[in-house]
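Fold and geometry: a report
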Amino acid sequence: MMQRFEATRALTRALDNANARARAAFDAIPLIRWILPLALGVVGALSPQWFDTRPTYALMVLITYLLLRTSTNVFGLAVLAAMLVYLPMEMDRFERGILFDIALYTMLGIGLNIVVGYAGLLDLGYVAFFASGAYIFALVVAPEAGGGWDIGASFWLMIPAAMALAAALGVALGLPVLRLRGDYLAIVTLGFGEIIRLMLNNRDDITNGPRGVYLIPKAHFFDKELTGPYELYFLVLAGVFIAAFAAERIRDSRVGRAWEAIREDEDAASAMGVNTTFYKLLAFAIGAAIGGGGGVIYAAKQTAIFPRDFDLDVSINVLALVIIGGMGNVRGVVLGAMLLIGLPEVLRDFSIEFAFIDLANIGADYRLVIFGAALVAIMVLRPEGLLPSRRRAAEFEQAEMLESELAT
Amino acid sequence: MTAERAYLELAEVVSGYGQIMAIKGVSLRVERGEIVALIGSNGAGKSTTLRTISGLLRPRSGEIWFEGRRIDRAPPHEIVARGVSHAPEGRAIFARMTVMDNLRLGAYRRSGAEVERDIEHVLTLFPRLRERGRQDGGTLSGGEQQMLAIARALMARPRILLLDEPSMGLAPVLVETIFRTVLEINREGTTILLVEQNAAIALQVAHRGYILESGAIALEASAAELRESDAVRRTYLGID
Amino acid sequence: MEQWIQLFIDGTTIGGVYAVIALGYTMVYGVLRMINFAHGELFMMGAFAGFYTLDAYQQHSGLNDSLPVFTIASAIVAGMITAVVLAVVMERIAYRPLRHAPRLAPLISAIGVSIFLRNVMLRVTNAEAQVYPRVFPRGAIEWGDVSVSYIRIFLLVLSVFFLVLLWLFIERTKMGMSIRAVAEDRDTAALMGVNVDRTIVMTFVVGAALAGAAGAVYGMFVTTATAGMGFIPGIKAFTAAVLGGIGSVPGAMAGGYFLGITESLSTKFIGAQYKDVVAFVLLVLVLIFRPWGIFGKREDKRA
């Protein structure tokens, strides 16, 4: 009996030590943070049978690296911009699809980051706004759905219109839940997200139900038809830059400071005269508008959308990428989107063929298994995210400080 | 090689939360059978000292010895098992449990008939609690909660009792009742380390006292000497 | 009248399943203030353990026919053990290192565990539904127009049995008392001599055992196990826990039955496809207007 107890204890201690060592190594050697991705990128680029979509992966890694090195460095940003334009030209359709997804999720991440990272409102139903943008657009322009407006003009009008409607939805959903905090808010928003999806599914008189809305016409840019992920990728990219620019500007404004006050201590903020109701709704509205804009572009790219495209997994993916990247800053969101959206796709082509080991399909078969384990590992090793903003890192310290250090 | 260790001894203990060290090298000694008062103003580090002894906080450096063994690396439940019992600041009664359940939790590491005997014993020390046995802890008055907190700490059959601000928020009559019981507990053989802001009453019951100022011991003397000291009179007793 | 009775019984059956799963959510939330997103996957793993056990008996012996009581019982036990082992491992690896981290970190970690387990089972089963061998005698008790199949009765009785067992555990045992103490005030519980870590693990163990058992029985009821089967019952059970006031054990039980019956009634009167909508609308309404639960008393507000 006693011995068994001792054995568990020894194991527990060993686990704790291993954990602490891994964490210390990660923190102590800043090089590891960019040498590791760089090394992986080189390996990826040099060994064809390991990574078949190696340009994608190399791109990912390089951007990550640049972002880590040069946050406001003009040269770095220029290289980054050139690469973002040049690399997709070299890619095939599948790789461009991945790139589109990364960019789209980056845009969604920036939107959710305003709600969660800036204002501190935990939203697990962000998909609701993404879905509403997509459906508003699709229902208006798809002839099958009784819409069928002239797409040439309406696509560019629909983006702001759908964003405005999504923002209105954000306010409408935000109003009743303003009093709620933390976990309760998370659950209510999760419920909202699921209700929206189920209603899209059930009200087939309006949405065509699970059969979805299809034959969504192509958008045009002057005379050029925006046919696929490649053209629309640039549209999302523009969306990402606008959203990122707006988000950073707002964060540094009076509004951003109000959010910060609410996030840190809502009661105190309210006592200091911050109109918490207004600013919380504003966060919901801006976040929703960005999500709605993303939805329009998504619908335009897919040309057919279905309620099942908008399940809880979307909300969870966006939230996870925001948190893994490091809440409260755009760089973190970009990194998070690359890892969360890009990595599982790149892993599809990953296989091990070395000497007598032949696991040809390990990537395709186990990518989501690896993904799940990676989420846990990142949280355990870096609970504040991979690239926390400086302010966030300080808050994290504070939280640790206030937490009583129960010696266990 | 081994220096003579006191019954409870803190040697250069540094402890606190995160980066902020609320106590910066506290050394103090409590001998068996004593009542020792630890006096200081708000934020001097009194509660941090007690929380570090009972293992809720792990000291950044320094050593804590009890009955000749080091306890500063042990988890709280093991420290309780070694005979250190802590009635925390703010009483920390389990509000959703009955008074009796609170007492039984105090004896968590023991079981059997002796627990029921001990309940009987603490109820004779605090007769008021007997009438409240079936009530939820949250419904008690402040004074009753303080009695329950001390009674509950006694249920562990401690050899040393750490009391954190037992007089806080109580009417003078109640404070007297409680301190009379504290003396009685000490006479029954329990060593007591008492943290108080109310220096007057603490120095009445204690044998010796320490003055804690911004995380360090400023003064150590017998209770009688401290009562007469000018500095203490001015700062802590409010007498000119 | 008979129609009402039928709806009520149908609702109570599934409500019992929700209640049993909901206990795991509510207990873990009680001690850690954390939503264990992977709890529905423990239920799913329990269903698979039950399936593999019954399938092994089917392949290698005739016990499923000759001694169904034994094979059913061992399937349930297998479900419980599997879920318990997984819960202990996930607590140690994915949650305990994050005890003092920002609140979102354990949430994401739990989501990672959930994705991991779901996809492991997708691989193992090649994404195909596994069909349970038929162990339960077909047939039903008929009473006028009311018809209750044997498996339903079994489900009903078993859920009540587990709920009573858990109630006794929480209220009457020392371990139950320490769980209540840690839920109320972790530091003070430690000062009483409670081993907090062990208590937290125990909470996971108990919740997982219930989820694993529920999974195995539910698998026999719907006769299939799939990797995705944990999601909907998981989220419904979670709703049940919220309805009863999350953190409250009797609340989770009442919430489970309440949700089951409400769903059953709405299937009849609103339409089967709106069953899930009703559950979520209920969830949202309760959280907005009575965040302490339908049955709970209003307490000091928890952030």
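Predicted model, so just to flag it, every value in this text is computed and none were measured.

1. Quick notes on the overall build of chain C
When its secondary structure is counted, chain C shows twelve helices and four strands. Here chain C holds 303 residues, and 62% of them are scored as buried. Partitioning the contacts of chain C with sequence separation of at least 6, the portion at a separation of at least 24 is 76%. As displayed, chain C offers around 11500 Å² of accessible surface, 66% of which is attributable to carbon and sulfur atoms.

2. Structural notes on the pairing of strand E7 (residues 160–164) of chain B
All names here are of chain B. Of all five residues in E7, five are buried; the element is thus mostly enclosed. In E7, alternate side chains face the same way, and those of Ile-160, Leu-162 and Asp-164 on one face and Leu-161 and Leu-163 on the other are all buried. With four bridges joining them, strand E6 (residues 84–87) and E7 adopt parallel strand pairing. Looking at the pairing, His-86 lines up with Leu-162 of E7. Pairing between E7 and strand E8 (residues 191–196): five bridges, direction parallel. Each residue of the ladder has a partner; that of Asp-164, found in E8, is Val-195.

3. A short note on the side chain of Ser47(B)
Residues and elements named next belong to chain B. Within the fold, Ser-47 resides in helix H1 (residues 46–53). Judged by relative accessible area, Ser-47 falls into the buried class, the value being 17%. Not counting residues up to four positions away in its chain, the partners in contact with Ser-47 are Glu-89 and Asp-164.

4. Side note on the interface of chain A and chain C
Every contact between the two is made by 52 residues of chain A and, on the other side, 51 residues of chain C. The interface formed by chain A and chain C contains zero salt bridges. The tally of links between chain A and chain C comes to two residue pairs in polar contact (both at pLDDT 80 or more). Broken down by secondary-structure element, the contributors of at least two residues to the side of chain A that touches chain C are helix H1 (2–28), helix H8 (182–202), helix H14 (312–325), helix H16 (362–381) and helix H17 (390–402) of chain A. Looking at which element gives the most residues to the side of chain A that touches chain C, the answer is H8(A), with twelve residues. Here the residues of the side of chain A that touches chain C sort into 34 nonpolar, seven polar and eleven charged.

5. Side note on the interface of chain B and chain C
Listed per partner, the contact involves 24 residues of chain B and 18 residues of chain C. Together chain B and chain C conceal approximately 2000 Å² of surface at their shared face, both sides included; 61% is due to carbon and sulfur atoms. The three residues of chain B that bury the most area against chain C are Phe94(B), Arg96(B) and Tyr108(B), which together make up 36% of that side's buried surface. Put simply, chain B and chain C have two salt bridges between them. Two residues, Asp187(C) and Arg51(B), come together in a salt bridge whose shortest N-O distance is 2.8 Å. Going through the elements one at a time, helix H2 (76–81) and helix H3 (99–106) of chain B are the ones with two or more residues in the side of chain B that touches chain C. The leading source of residues in the side of chain B that touches chain C is H3(B), at four residues. Looking at the side of chain B that touches chain C residue by residue, the classes come out as twelve nonpolar, five polar and seven charged.

6. Things to note about the sheet that holds strand E3 (residues 35–39) of chain B
All names here are of chain B. What the six strands build is an open sheet, ordered E6-E7-E8-E3-E9-E10; its pairing is mixed. This sheet does not close on itself; its edge strands, each paired only once, are E6 and strand E10 (216–222). Taken pair by pair, the neighbouring strands of this sheet meet at an average axis angle of 15 degrees, ignoring direction. Looking at chain direction, strand E9 (residues 208–213) and E10 are connected through six bridges and run antiparallel. Along E10, the bridge assignment pairs Ile-211 with Leu-219. Sheet strands in contact with helix H7 (residues 172–187) are E3, E7 and E8, and its direction is about 155 degrees off that of E8.

7. Some remarks on H1(B)
Across the eight residues that make up H1(B), a large majority, eight, are buried. Considered for burial, the residues of H1(B) that qualify are Lys46(B), Ser47(B), Thr48(B), Thr49(B), Leu50(B), Arg51(B), Thr52(B) and Ile53(B).

8. Brief notes about a nonpolar patch on the surface
Residues and elements named next belong to chain C. Among the surface-exposed residues, Val-77, Ile-81, Val-85, Val-89 and Ile-93 lie close enough to one another that they form a single nonpolar patch of about 420 Å² accessible area. Tracing the backbone through its elements, the reader meets Val-89 in helix H4 (residues 68–95). Given the relative accessible area of 42%, Val-89 is considered partly exposed.

9. Re the side chain of Ser159(C)
In this fold, Ser159(C) is placed in helix H6 (residues 150–172). Those residues in contact with Ser159(C) that lie beyond four places of it in its chain are Gly16(C), Val20(C) and Tyr257(C).

10. Things to note about the environment of Ala56(C)
Among the secondary structure elements, Ala56(C) is positioned in helix H2 (residues 39–60). The spatial distance from the C-alpha of Ala56(C) to the C-alpha of Pro133(C) is 9.8 Å, given a sequence separation of 77 residues.

11. Focus on the pattern of salt bridges
Residues and elements named next belong to chain B. Taken as a whole and assessed by the stated rule, the structure comprises 34 salt bridges over all chains. The partner of Arg-5 in a salt bridge is Glu-63, and the shortest N-O contact between them spans 3.8 Å. With Arg-5 in the segment before strand E1 (8–17) and Glu-63 in strand E4 (residues 61–66), this pair connects stretches of sequence that are 58 residues apart. The exposure class assigned to Arg-5 is partly exposed, which follows from its relative accessible area of 29%. Where Glu-144 meets Arg-128, a salt bridge forms, and the shortest distance between an N and an O atom there is 3.6 Å.

The rules behind each value
- Residues numbered from 1 in each chain as written.
- Chains lettered and ligands numbered in written order.
- Predicted model: local features only at pLDDT ≥ 70, side-chain atom pairs only at ≥ 80, totals over all residues.
- Heavy atoms only, no water.
- Helix = DSSP H or I, 4+ residues; strand = E, 2+ residues; numbered from the N terminus.
- Buried < 20%, exposed > 50% of the residue type's maximum accessible area, 1.4 Å probe, protein only.
- Contact = heavy atoms within 4.5 Å.
- Areas by Shrake-Rupley, 256 points an atom, 1.4 Å probe, with all protein chains shown as cover.
- Pairing = 2+ DSSP bridges.
- Salt bridge = Lys/Arg side-chain N within 4 Å of Asp/Glu carboxyl O.
- Polar contact = N/O pair within 3.5 Å; in protein donor to acceptor, adjacent residues only side chain to side chain.
- Nonpolar A, V, L, I, M, F, W, Y, C, P; charged D, E, K, R; others polar.
- Buried area = accessible area lost by both parts, 1.4 Å probe.
- Axes fitted to C-alpha atoms, helices over the stretch in contact; angles between N-to-C directions.
- Patch = residues over 30% accessible without salt bridge, like charges linked within 9 Å, V, L, I, M, F, W, Y side chains within 5 Å.

Interpretation note: all reported values are geometric properties and have no functional meaning in isolation.
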